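Descriptive analysis of the structure
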Amino acid sequence: MMEIKINNPLSNGLVRFAAVASLLFLLPAAGAESQQNVVSELSTQDEIQKFCTNIADAARDQRYLMQKQELEKLQADVNERISVLEDRKAEYEDWLARREHFLNQAKSNLVDIYKTMKADAAAPQLEKMHVEIAAAIIMQLPPRQSGLILSEMDAQKAALVAGIMSQATDKNTSKDPS
């Protein structure tokens, strides 16, 4: 490239003036750029804050919606379990009613059997039974026959049976078996 040299002092001054003017023109632009960065950072923080504030309600609503869905799912699970438990309860109550019916029939038949037995034959059998069952049977027999059977039983076993019978008639005893 070819270089032109100007020896004119006036043109040299113009060139210097143009260089200084362009530097002065650029300096405020550089300062403005850094100032623009500061303003931009502040505005970015403000914009972020405004954005977060604006979406806070929507985010809260979304959280509530998710919690509501979770609660509905849990409620459905609880309702399903309650349904299963109610079905099982109904099965158990049906089974218990059939058992009670069977026991009542067996008890009445058993009591009828011991009603027809002599005291000396019934006493040894009742001694070998569970004390509470023997007491329940003897309580349903006529008083005269109950007395005869108890007199034929072993004294200790008869005392246990009589104790259970007296507790069964005690009004202070709880009727709740649990």
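Just above sits the structure.
Here the structure is a predicted model, which is why all the values come from computation and not from measurement.

Rules used throughout
Residues numbered from 1 in each chain as written. Predicted model: local features only at pLDDT ≥ 70, side-chain atom pairs only at ≥ 80, totals over all residues. Heavy atoms only, no water. Helix = DSSP H or I, 4+ residues; strand = E, 2+ residues; numbered from the N terminus. Buried < 20%, exposed > 50% of the residue type's maximum accessible area, 1.4 Å probe, protein only. Contact = heavy atoms within 4.5 Å. Areas by Shrake-Rupley, 256 points an atom, 1.4 Å probe, with all protein chains shown as cover. Salt bridge = Lys/Arg side-chain N within 4 Å of Asp/Glu carboxyl O. Core = buried A, V, L, I, M, F, W, Y, C linked by side-chain atoms within 4.5 Å. Arc of directions from axis to C-beta. Expected span 1.5 Å × (residues − 1). 1 Å grid on protein atoms, 1.4 Å probe; cavity = no way out; pocket = protein on both sides within 12 Å on 5 of 7 lines; lining within 4 Å. Points joined across faces, edges and corners; volume = space filled by probe spheres on them. Nonpolar A, V, L, I, M, F, W, Y, C, P; charged D, E, K, R; others polar. Axes fitted to C-alpha atoms, helices over the stretch in contact; angles between N-to-C directions. Left-handed = near helix turned anticlockwise from the far one by under 90°. Parallel < 35°, antiparallel > 145°, perpendicular 65-115°, else oblique.

What the protein contains, in helices and strands, is 5 helices and 0 strands. Along the protein, helices and strands appear, N-terminal first, in the series α-α-α-α-α. In the protein, which comprises 178 residues, the share counted as buried stands at 12%. For the protein, long-range pairs separated by at least 24 residues make up 65% of all intrachain contacts whose partners lie at least 6 apart in sequence. Accessible area of the protein: about 15100 Å², with a carbon and sulfur share of 59%.

So, on to the pattern of salt bridges. Applying the stated criterion across every chain yields a total of 5 salt bridges. In this structure, arginine 81 and aspartate 77 form a salt bridge, with 3.5 Å as the shortest nitrogen-oxygen distance. Highlighted residues: arginine 81 and aspartate 77, both in helix α1 (residues 9–116), separated by 4 residues, approximately one helical turn.

Within the largest apolar cluster, 18 residues are counted, with the highest numbers of intra-cluster contacts made by Tyr114, Leu126, Ile138, Ile149, Met153 and Val161. Counting only elements with at least two residues in this core, the list comes to α1, α2 (119–128), α3 (131–140) and α5 (155–169). With residues up to four places along the chain from it excluded, the contact list for valine 161 reads Val131, Ala134, Ala135, Ile138, Leu150 and Met153.

Moving on, we get to α3. Note on helix geometry: an α-helix contains 3.6 residues per turn, so any two residues three or four positions apart are oriented the same way. Among all positions in α3, only Val131, Ala134, Ala135, Ile137 and Ile138 are buried. Looking straight down α3, one finds that the buried residues subtend no more than 165° of arc, so they occupy a single side.

All right, on to α5 then. In a regular helix each residue adds 1.5 Å, so 15 residues correspond to 21 Å; α5 covers 21 Å between its end C-alpha atoms and thus fits that length. Where α5 is buried, its residues touch α2, α3 and α4 (143–152).

A few words on the layout of surface pockets. Taken as a whole, the second largest pocket holds about 300 Å³ of empty space. Lining the second largest pocket are Glu100, Leu103, Asn104, Ala106, Lys107, Leu110, His130, Glu132, Ile133, Ala136 and Ile137. For the lining of the second largest pocket, the secondary-structure elements that each account for two or more residues are α1 and α3. Looking at the lining of the second largest pocket element by element, the count peaks at 6 residues for α1. Considered class by class, the residues forming the lining of the second largest pocket number 6 nonpolar, 2 polar and 3 charged.

Attention now moves to the side chain of serine 146. By the secondary structure assignment, serine 146 is in helix α4. Relative accessible area serves as the criterion here: at 8%, serine 146 is assigned to the buried category. Those residues within four positions of serine 146 in sequence are excluded, and the remaining contacts are Ile138 and Leu141.

Let us look at the packing of α2 against α4. Relative orientation and spacing of two packed helices are given, respectively, by the angle between their axes and the distance between those axes. Put simply, α2 and α4 touch, their axes get as near as 8 Å, and they point 65° apart. Remark: the crossing between α2 and α4 carries right-handed chirality. Of α4, the residues touching α2 (which contributes Ala119, Asp120, Ala122, Ala123, Leu126 and Glu127) are Leu148, Ile149 and Glu152. Of the residues that constitute the contact of α2 with α4, the class distribution is 6 nonpolar, no polar and 3 charged.

It is at 9 Å that the axes of α3 and α5 come closest, and there the two elements cross at 65°. The orientation of α3 relative to α5 falls into the category roughly perpendicular. In the crossing of α3 with α5, the sense of the turn from one axis to the other is right-handed. Touching Val131, Glu132, Ala134, Ala135, Ile138 and Met139 of α3 are Lys157, Leu160, Val161, Ile164, Met165, Ala168 and Thr169, all from α5. In terms of residue class, the contact of α3 with α5 is built from 10 nonpolar, 1 polar and 2 charged.

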